[in-house]
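# Reading the structure
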Amino acid sequence: MSWRSGSRGVVLTAYHPSGGAGDAPGGRRSGQYTMNHDHSKKIPDGASFDRSGSQDSLDELSMDDYWKELENIQETRGNNHEERVALVVKEPDEGELEEEWLKEAGLSNLFGESSGDSLESMVFLSTLTRTQKAAVEKRVETVTQTMRKRNKQHQIPDVRDIFRLQNDAKGKVCDGSEPSTVRTSENKNETHDGTKGPKFSLGTDEQKSLLEDMPSSDTDINLEISFSEQAANLKESSAGKIYIAGGGDTLLPNFRLPKDKTGTTKIGDLAPQDMKKVYSLALIELTALYDILGTEFKQQKAVKIKTKDSGLFGVPLSLLLEQDQKKVPGTKIPLIFQKLIAQIEETTLETEGLLRIPGVATRVKVKGLCQELEAKFYEGTFNWENVKQHDAASLLKLFIRELPQPLLTVEYLKAFQDVQNLPTRKQQLQALNLLVILLPEANRDTLKVLLEFLQRVIDHRDKNKMTLKNVAMVMAPNLFTFHGFGSKTIEQSEFVMAAGTANVMRFMIQYQKLLWTIPKFIVNQVRKQNAENPKKEKKDKAMKKLLKKMAYDREKHEKQEKTPNDTDVPQGVIRVQAPHLSKVSMAIQLTEELKAGDIVARFLSQKSGNVQTLKKEEVFLYEIGGNIGERCLDDDTYMKDLYQLNPNAEWVIKPKQS
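Residues numbered from 1 in each chain as written. Predicted model: local features only at pLDDT ≥ 70, side-chain atom pairs only at ≥ 80, totals over all residues. Heavy atoms only, no water.

The name an unreviewed UniProt entry gives the chain is Rho GTPase-activating protein 18, with Taeniopygia guttata as the organism. You can read under Subcellular location (unreviewed entry) in the UniProt record for the chain the words "Cytoplasm". Entered under Subunit (unreviewed entry) in the UniProt record, the comment concerning the chain runs "Interacts with MPHOSPH6." (UniProt positions renumbered as here; feature names shortened; annotations may be inferred.)

In structure tokens form, the structure reads like this:
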């Protein structure tokens, strides 16, 4: 792919071979990458690179794999007669970017005709941290000024009035207390009906104090405090230190998540209605983090273009999955993507140079294989014996490159690239965590499968010679758009870009298990929104009624005259339902050490009354209702601690929906 600036936008030129068989979008004229490869070994005089943070250890020689991969992409394309299709990435007018951002964050009613009308938005704003509010205020101010310039005939509130309205609404509706976003120590644990409720840590001044008191390590990732609040506090205290280390896979920090007694929440553990809130909060939080760290955050927008509506290569991911789900209902990963990975692993992952060595024969062969796959894959008549391991690896990379829009999406690709500019490795990891949450589900699921596969390749590095750094160098050009800057400093710019994206790739592979975690401070913000949303009460009552009816139907053989109510359950005891495992519910006494996995094990150990035979890894305990829609619990969740956080929840054991 190549990029050129226009008067109204940036044009991303994709190369689509006739018949859909050649190699992918990827570069400029033949030979230009060779120039870059040479310069990667000899940096131009006067070029200076900031190697702190992301560029720490990627010296010129270690960039060989990166430049060679670019050359291979170019050579594969070189002899093809290609048709160019321009994907226009629109540069928005003044204020459009901020207006779109507010819509994405679920705050479109802060401007325009419905400005100030939504109580739900006021509740949402009341849960934001200091830095998150600043990010929202900044965008609202820009939109307001733009609207005034356009002489829009809408109500245009002053940005200060928005948060004043939010405070007033909160004060009158939510808890009847003072109109303040940061509650006092006397009233901060009260819910909107005046009763005492669980305490949520939200990253305001209260969090700042908590952050100062909390012991931490350079390698601990604090998920309880807003990342942007942590960055702001670090900046204010002037205590920030950039972690700089030398090369080698083993020298990346061993980041870890300190144990959370209320359980770790992974992407996929929450109900869709709560994930929608998570998305909005993650977008605001990422923007606030970039604002604090002085990095510009701009979402790109691709103008829709005509793309293939069937086939395998060059088909939009969502359309490909829709096509695949007709063959395999419920599949979340493209079938061709799954098959190519399986084909690579079928032989052995110990092959030296796996993913790196295409070979001349492979580059010639790829076009024919693509054409044959397009014709025979779905018919089941394709002969996979013709696909050698290096062929499959080349096809896998080709599939990623030929997606009409990047796997990391047009909207967030630049934000992924800009991770390299953040000051510390911990902040880079925090930003990647939020970016993964923001990806569309299809892109995120496919990326997860890819990263897991790459880690398995790296696990055999002693034999295949593919270390974390090698794999990152080879895969980065396939995932990240490579910009042609066309300036006098092209060598320096491209070297920095290459080193940076390769390091982002390293981070995504190395810390993939952390990246699919939803930070606790965001989950707590969702809980607070749910607890203070008046509409939630009706939903909770309906859910409780349904669950109690289920319990009654299962237990009427015990001749109960009525369904169990709160007085039937002693203090410190929860009632757990497991419709897939037992016809009756079970009363569980909460203890300090009781975990979610222990409760699941009790039901599985019961021989009598089983409805289904299920394995432990197939069923999970769910927290349903109260201040959460639905949440799948990890086995190490301490139930007494979680019960104190959400005393009104129902507890159900069931299989996890794929």
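With that out of the way, let us pick up the overall build of the chain. Check the secondary structure of the chain and you find 24 helices and nine strands. Out of the 658 residues in the chain, the part that is buried amounts to 54%. Sequence-distant contacts in the chain: of pairs separated by 6 or more residues, those separated by 24 or more amount to 75%. As presented, the chain carries roughly 29500 Å² of accessible surface, and 49% of it is formed by carbon and sulfur atoms. (Helix = DSSP H or I, 4+ residues; strand = E, 2+ residues; numbered from the N terminus. Buried < 20%, exposed > 50% of the residue type's maximum accessible area, 1.4 Å probe, protein only. Contact = heavy atoms within 4.5 Å. Areas by Shrake-Rupley, 256 points an atom, 1.4 Å probe, with all protein chains shown as cover.)

Okay, the packing of helix 5 (residues 130-150) against helix 9 (residues 272-292) next. In the contact formed by helix 5 and helix 9, the axes pass within 8 Å of each other and the chain directions differ by 90 degrees. Compared by their axis directions, helix 5 and helix 9 come out roughly perpendicular. When helix 5 is examined against helix 9, the residues Thr131, Gln132, Ala135, Val136, Lys138 and Arg139 are found in contact with a partner set consisting of Ile284, Glu285, Thr287, Ala288, Asp291 and Ile292. A class-by-class count of the residues in the contact of helix 5 with helix 9 yields five nonpolar, three polar and four charged. (Axes fitted to C-alpha atoms, helices over the stretch in contact; angles between N-to-C directions. Parallel < 35°, antiparallel > 145°, perpendicular 65-115°, else oblique. Nonpolar A, V, L, I, M, F, W, Y, C, P; charged D, E, K, R; others polar.)

This part covers the sheet that holds strand 8 (residues 628-632). Hydrogen bonds along the backbone pair up the strands of a sheet, which may run parallel or antiparallel. Pairing is mixed across the open sheet formed by five strands, whose spatial order is 6-5-9-7-8. Of all strands in the sheet, those with a lone pairing partner are strand 6 (586-589) and strand 8, marking the two edges. With direction set aside, neighbouring strand axes in the sheet form an average angle of 30 degrees. Relative to strand 9 (residues 650-655), strand 5 (residues 573-577) runs parallel, the two being bridged by two bridges. (Pairing = 2+ DSSP bridges.)

Right, let's talk about the nonpolar core for a bit. The biggest cluster of nonpolar side chains holds 123 residues, and the ones touching the most others in it are Val136, Leu355, Leu395, Leu454, Phe480, Met505 and Met508. Of the residues forming this core, the biggest block, 10 residues, is contributed by helix 9. Grouped together as the second largest cluster of nonpolar side chains are 21 residues, Ala578, Leu594, Val600 and Phe603 included. (Core = buried A, V, L, I, M, F, W, Y, C linked by side-chain atoms within 4.5 Å.)

We now examine the packing of aromatic side chains. This model, assessed by the stated rule, comprises 10 aromatic pairs. With centroids separated by 5.2 Å and ring planes inclined at 75 degrees, the aromatic side chains of Phe227 and Phe521 adopt a geometry described as edge-to-face. Residue Phe227 is located in helix 8 (residues 227-237), and its partner Phe521 is located in helix 21 (residues 520-532); the two are separated by 294 residues in the primary sequence. In this pair, the class of Phe227 matches that of Phe521, namely buried. Seen from their ring centres, Phe255 and Tyr511 are 5.3 Å apart, and the 55 degrees between their planes marks the pair as tilted. Of this pair, Phe255 sits in the loop between helix 8 and helix 9 while Tyr511 sits in the loop between helix 19 (490-510) and helix 20 (512-515), and the two are 256 residues apart along the sequence. Considered together, Phe255 and Tyr511 belong to a single accessibility category, that of buried residues. Between the NZ or CZ atom of Arg139 and the centre of the ring of Trp101, over which it lies, the distance is 5.5 Å. (Phe/Tyr/Trp six-rings, centres within 6.5 Å; stacked < 30°, edge-to-face > 60°. Lys NZ or Arg CZ within 6 Å of the ring centre and 35° of its normal.)

With that out of the way, let us pick up the pairing of strand 9. A large share of strand 9 lies buried, amounting to five of its six residues. Sheet topology note: the strand 7 (residues 619-625)/strand 9 ladder contains six bridges and is antiparallel. Bridge pairing links Ile624 to Glu650 in strand 9.

The next subject is the side chain of Arg506. Residue position: Arg506 is located in helix 19. Residue classification places Arg506 among the buried residues on the basis of a relative accessible area of 1%.

Take helix 18 (residues 468-479) next. Every α-helical turn comprises 3.6 residues, leaving residues that sit three or four positions apart pointing alike. Compared with the 16 Å implied by 1.5 Å per residue over 12 residues, the 16 Å span of helix 18 between its first and last C-alpha is a close match. The buried fraction of helix 18 amounts to 12 of the 12 residues, a majority that puts the element mostly inside the structure. Among the residues making up helix 18, those that are buried are Leu468, Lys469, Asn470, Val471, Ala472, Met473, Val474, Met475, Ala476, Pro477, Asn478 and Leu479. (Expected span 1.5 Å × (residues − 1).)

Our next topic: the side chain of Gln323. Locating Gln323 in the fold gives a position in helix 10 (residues 317-327). Polar contacts involving the side chain of Gln323 include one to the side chain of Tyr378, which spans 2.8 Å. The contacts of Gln323, once residues within four sequence positions are left out, are Asp309, Ser310, Gly311 and Tyr378. (Polar contact = N/O pair within 3.5 Å; in protein donor to acceptor, adjacent residues only side chain to side chain.)

The next thing to look at is the pattern of salt bridges. Following the criterion strictly, the structure yields 24 salt bridges and no others. The partner of Lys376 in a salt bridge is Glu372, with the nearest N and O atoms 3.4 Å apart. Residue Lys376 and its partner Glu372 are located together in helix 12 (residues 360-376), separated by four residues, close to a single helical turn. Of the residues examined, Glu372 reaches a relative accessible area of 24% and is grouped as partly exposed. Note that Lys414 is salt-bridged to Asp418, the shortest N-O span being 2.8 Å. With Lys414 and Asp418 both in helix 14 (residues 410-418) and four residues apart, this pair spans about one turn of that helix. A relative accessible area of 10% means that Asp418 is categorised as buried. Three or more residues joined by partner-sharing salt bridges are found here, namely Arg130, Glu229 and Glu236. (Salt bridge = Lys/Arg side-chain N within 4 Å of Asp/Glu carboxyl O.)

Our next topic: the environment of Val140. The residue Val140 is located in helix 5 in this model. Residue classification places Val140 among the buried positions, given a relative accessible area of 3%. On a C-alpha basis, the gap between Val140 and Glu98 in space is 7.3 Å, while along the polypeptide they are 42 residues apart.

Our next topic: the pairing of strand 6. Going residue by residue along strand 6, you find Met586 and Ile588 tucked away on one face and Ala587 and Gln589 left uncovered on the opposite face. As judged from the four bridges shared by strand 5 and strand 6, these two strands associate in the antiparallel manner. Paired with Val576 across the two strands is Met586, which belongs to strand 6.

For helix 21, which comprises 13 residues, the first-to-last C-alpha distance of 18 Å matches the rise-based estimate of 18 Å (1.5 Å per residue) to within 8%. Most of helix 21 sits inside the fold, with 13 of its 13 residues counted as buried.

Closest axis-to-axis distance for the helix 14/helix 15 (residues 425-438) pair is 10 Å, and the angle between their directions is 170 degrees. As judged from the angle between their axes, helix 14 and helix 15 are roughly antiparallel. Taken together, the residues of helix 15 that come into contact with helix 14 (itself represented by Tyr412, Ala415 and Phe416) are Leu432, Leu435, Val436 and Leu438. Tallied by class, residues from the contact of helix 14 with helix 15 come to seven nonpolar, no polar and no charged.

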